[in-house]
Amino acid sequence: MSDIIQLLPDHVANQIAAGEVVQRPASVVKELLENAIDAGATQINLLIKDAGKTLIQVADNGSGMSATDARLCFERHATSKIKQAEDLFNLNTKGFRGEALASIAAIAHVDLKTKPETEEVGTHVKIHGSELITQEVCVTPTGTIISVKNLFYNIPARRNFLKSNNVEVRHIIDEFQRVALAHPQVGFSLHHNGNELFQLSSSNHRQRIVAIFGGKTNEKLVPIAEDTELVKLSGFVGKPEFAKKSRGEQFFFVNHRFIKSPYLNHAVQAAYEGLLKEKTHPSYFLYLEIDASRIDINIHPTKTEIKFDDEHALYAILRSAIKHSLGQFSVAPVLDFDKDPTLETPYSFKEKQVYQPAIEVDRNFNPFEAETKQYVKSGGGNTPSIPNSFKKNSQTWEALYTGISDENEVPTIELESEEVTGSLFTEETLAVKEHLDIFQLHKKYIISSTKTGLLVIDQYRAHTRILYEELLVNITQTPALSQQLLFPLNLSFSAQEVEVLGALRDSLEQTGLIFSSLEKDNIEIVGIPTLISESETQILLEQLLADFSLEIPESGFTQTDVLAKSLAKSMAVRAGTVLNIEEQQHLVNQLFACKEPQVSPFGKKIYSMLTSTDLDKKFM
Ligand code: ADP
Ligand code: MG
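**Focus: the overall build of the chain**
Consideration 1: Each helix and strand counted, the chain has 19 helices and 22 strands in total.
Consideration 2: Burial statistics for the chain: of 620 residues in total, 47% are counted as buried.
Consideration 3: Excluding contacts between residues fewer than 6 apart, the proportion of contacts in the chain whose partners are at least 24 apart in sequence is 70%.
Consideration 4: Element-wise, carbon and sulfur atoms account for 53% of the exposed surface of the chain, whose accessible area totals about 30,200 Å².

Here it is as structure tokens:
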């Protein structure tokens, strides 16, 4: 038999390797930024076109390369960063594999201009799919400018696999932020399609975090510092009251390299024990410096996971250092999470008073919705940020009138309640047409009798279903009403979150959430859906961001669906909310006018029927 084994040609081998190193434009961004850092740059400018699909350019003022190196850097296993195997155990650079440029050049059109400080002129190299096109002398500043064009031009399958520009840009921003946070002393900029997304000047850690995540971040940070033999720990954690529903801002850096570590994340979470609201995640920006010989970065090709010599000790140090700082700088465990900060100052209390009558205007023949609002504001066991004192006040206030009306459960809403009774007896309401016996059990279930027996409805799930179907119509056809705010509401979100909100803006406006500005550090909301209050808007948006977990689904349908589900979930009346008779009836009627009254949008059972036969059986 003749020999059949051959060595693969270099360009094929490179293309295969590229599959591992370069998954998407953001991978190229990461490699190029890290090369610039390794080259000692103090200013790095990143320029992107079409989410990196057309162009990714990184310009640095680092060491530059000689003419020979400028050609050699595109060879596989060509690196200046390690020379022998031992060096692997004492790495102080980001790169060491000598794979990145070879891989990138195998699957793109690469254009490199570079000049070391000592030279008068630089070198210009063009490579298309591993093939050298030109190498010539050129005039260029000290440092390196590398442009990667038409990524994946020769692997159509990969190119087609890329997500929408929005998603790819978010991945790029992710990588950019990680490198920028790890190296605050280096200046960075990021432009996408000519728009400046970031302009970060050389600074310290705190300033860098604030520059990236917005001015309001500053007051939320608690400094962490601990110096032990094993590790030098520094950085910041977020105050517990600012913890978010999404996991967005959680960063570990080990020796200036971003890493992911579920184990260390757990240590941080453990330090917050008892301080966080349910299902919220604290922000953190933690920098660990560890002797390079005690870690192994080699275990993952894209290098976001590393192995530590002594993980248990790290865990303990991390947890106690954070616990200590949380105790010292901000907060004893006696936090009152239920306090609504907007109610604390006389200034915003003024707002409240003018704001209340504005709601009345929007009642719109729909007492259930309007009353829900009132109850959400005044009662609401489960609804966060509703001060109990508010409820107490209204009770004492009502007590003044006990002599006049003994039915203080049912507020008087004459005109509207007539409308409701009218609609109660329309054709489409099936189950509860003729009954008038309906009541609420444990502020959670609505019980009503029907011809055949007893209907038990989960009020929260039922309302979620009703809102979900309404919102789908709002988003796709008829926009919802919006309550105009007297004073615009200013919120702050990270650049990344703003991108997501931007992508959803049109749909959100259909639901009544009107933005007058949607830019980083300047989100201004002038109208909100009628069912939520001003103070709930932030929570609603955070929930939304968590539900989209920073990915906007490709198909418009899924996007609308996720959006409607998320908003319905946030806006629905919780268990623990008292509903009056009209509200209960209205809820039931609306539920049975839905397309799918049996299940919540999340597939949970909404009601259960107890027939008289079932009851009879119980008495046998
Ligand atoms: P690695 O970073 O793992 O060494 P790369 O393929 O990323 O491998 O880069 C190969 C070599 O090219 C580097 O070792 C470095 O010597 C050189 N190089 C790459 N980018 C730059 C840059 N921006 N400035 C100076 N030298 C660079
Ligand atoms: Mg590299």
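**Quick word on the pattern of salt bridges**
Consideration 1: Scanning all chains against the criterion turns up 11 salt bridges.
Consideration 2: In this structure, Arg-71 engages Glu-75 in a salt bridge whose closest nitrogen and oxygen atoms are separated by 3.3 Å.
Consideration 3: Owing to a relative accessible area of 24%, Arg-71 belongs among the partly exposed residues under this scheme.
Consideration 4: In this structure Glu-75 comes out as partly exposed when scored by relative accessible area, which is 30%.
Consideration 5: A salt bridge links Arg-178 to Glu-175; the nearest nitrogen and oxygen atoms lie 3.6 Å apart. One end of the pair is Arg-178 and the other is Glu-175, both in helix α6 (residues 165–182) and three residues apart, which spans about a single turn.
Consideration 6: Exposure remark for Arg-178: the relative accessible area of 13% places this residue in the buried category.
Consideration 7: Here Glu-175 falls in the buried class, since its relative accessible area comes to 13%.

**Section: a nonpolar patch on the surface**
Consideration 1: The grouping of Met-1, Ile-4 and Ile-5 at the surface amounts to a nonpolar patch, some 490 Å² of accessible area in total.
Consideration 2: Residue classification places Ile-5 among the exposed positions, given a relative accessible area of 81%.

**As for the packing of aromatic side chains**
Consideration 1: Under the definition given, this model contains 12 aromatic pairs.
Consideration 2: Here the aromatic rings of Phe-213 and Phe-251 are separated by 5.9 Å at their centres, their planes lie at 45 degrees, and the arrangement is tilted. Residue Phe-213 is located in helix α7 (residues 205–213), and its partner Phe-251 is located in strand β11 (residues 250–254); the two are separated by 38 residues in the primary sequence. Neither residue differs from the other here; Phe-213 and Phe-251 are each classed as buried.

**Section: the site of ligand 1**
Consideration 1: Near ligand 1 you find 19 residues, and of these Asn-35, Thr-79, Ser-80, Lys-81 and Gly-98 are the closest.
Consideration 2: Measuring from an oxygen atom of ligand 1, one finds a backbone N or O atom of Gly-98 at 2.8 Å.
Consideration 3: Contact between ligand 1 and Leu-101: an oxygen atom at 2.9 Å from a main-chain N or O atom of the residue.
Consideration 4: When the free accessible area of ligand 1 is taken as 530 Å², the share hidden by the protein chains comes to 91%.
Consideration 5: Grouping the amino acids of the shell around ligand 1 by side-chain chemistry returns seven nonpolar, eight polar and four charged.

**Considerations on the packing of α6 against helix α15 (residues 495–510)**
Consideration 1: In the contact formed by α6 and α15, the axes pass within 10 Å of each other and the chain directions differ by 170 degrees. By the criterion of interaxial angle, the relationship of α6 to α15 is roughly antiparallel. Between α6 and α15, the residues in contact are Asn-166, Val-169, Arg-170, Ile-173, Asp-174 and Gln-177 and Gln-496, Glu-499, Val-500 and Ala-503, respectively.
Consideration 2: Looking at the contact of α6 with α15 residue by residue, the class counts come to four nonpolar, three polar and three charged.

**Quick word on the sheet that holds strand β13 (residues 284–289)**
Consideration 1: Judged by pairing direction, the sheet is mixed, and its five strands sit side by side in the order β9-β10-β13-β11-β12 without closing on themselves. The open sheet has two edge strands with one neighbour each: β9 (221–227) and β12 (257–259). The mean angle between the axes of side-by-side strands here comes to 20 degrees, regardless of whether they run parallel or antiparallel.
Consideration 2: With three bridges connecting them, β11 and β12 associate as antiparallel partners. Residue pairing in the sheet places Val-254 in a bridge with Arg-257 of β12.
Consideration 3: Seen against the sheet, α6 touches β11, β12 and β13 and runs at an angle of roughly 55 degrees to β11.

**Here we look at the packing of helix α16 (residues 534–548) against helix α17 (residues 556–571)**
Consideration 1: Packing of α16 against α17 leaves a shortest axis separation of 9 Å and a crossing angle of 140 degrees. With respect to α17, the axis of α16 lies oblique. As for the relative orientation of α16 and α17, their crossing is right-handed in sense. Two secondary-structure elements touch here, α16 through Leu-540, Gln-543, Leu-544, Asp-547 and Phe-548 and α17 through Gln-559, Val-562, Leu-563, Ser-566, Leu-567, Lys-569, Ser-570 and Met-571.
Consideration 2: Its residues assigned to classes, the contact of α16 with α17 comprises seven nonpolar, four polar and two charged.

**Quick look at the pairing of strand β20 (residues 514–519)**
Consideration 1: Looking at chain direction, β20 and strand β21 (residues 522–529) are connected through five bridges and run antiparallel. Bridge pairing links Ser-517 to Glu-524 in β21.
Consideration 2: Linking β20 to β21, which pair antiparallel, is a turn of two residues; within it Asp-521 sits at a positive phi near 70 degrees.

Quick notes on the rules
Every chain begins its residue count from 1, and numbering advances along the sequence as written. To label them, take the chains in the order written and letter them from A, then take the ligands in the order written and number them from 1. Side-chain atom pairs in this predicted model are given and counted only at pLDDT of 80 or more, local residue features only at pLDDT of at least 70, and totals for whole chains, interfaces and linings cover all residues. The basis for every side-chain value is the complete set of heavy atoms in the structure, and neither hydrogens nor water enter the calculation. Helix and strand definitions follow DSSP, with helices as H or I runs of at least four residues and strands as E runs of at least two, each counted in order from the N terminus. Here the term buried applies to any residue with accessible area under 20% of the maximum for its type, exposed to any over 50%, and partly exposed to those in between, with areas from a 1.4 Å probe on protein chains only. Here, two residues are considered to be in contact whenever any of their heavy atoms come within 4.5 Å of each other. Method for areas: the Shrake-Rupley scheme with a 1.4 Å probe, in which residue coverage is limited to the protein chains shown. For this document, the term salt bridge refers to a Lys or Arg side-chain nitrogen within 4 Å of an Asp or Glu carboxyl oxygen. A residue counts toward a patch only above 30% relative accessible area and without a salt bridge, and it is joined to like-charged neighbours within 9 Å or, for Val, Leu, Ile, Met, Phe, Trp and Tyr, to nonpolar neighbours within 5 Å. Any pair of Phe, Tyr and Trp rings, taking the six-membered ring for Trp, is counted once the centres come within 6.5 Å. Such a pair is stacked with planes under 30 degrees apart, edge-to-face with planes over 60 apart, and tilted for the rest. It suffices for a single heavy atom of a residue to lie within 4 Å of a molecule or strand for the residue to be listed as near it. The definition of a polar contact used here is a pair of N or O atoms within 3.5 Å, where within protein one atom must be able to donate a hydrogen and the other to accept one, and adjacent residues in sequence count solely through side-chain atom pairs. In the scheme used here, Gly and all other residues not listed as nonpolar or charged are polar, with Ala, Val, Leu, Ile, Met, Phe, Trp, Tyr, Cys and Pro taken as nonpolar and Asp, Glu, Lys and Arg as charged. In this analysis an axis means a line fitted to C-alpha atoms, helices contributing only their contacting stretch, and an angle means the value between N-to-C directions, from 0 to 180 degrees. Between 65 and 115 degrees an angle is taken as roughly perpendicular, under 35 as roughly parallel, over 145 as roughly antiparallel, and anywhere else as oblique. At least two bridges found by DSSP between two strands are what make those strands a pair. Throughout, a crossing is termed right-handed when the near helix is turned clockwise from the far one, and left-handed when it is turned anticlockwise from it by less than a right angle.

These results come straight from atomic positions and should not be treated as a statement about function.
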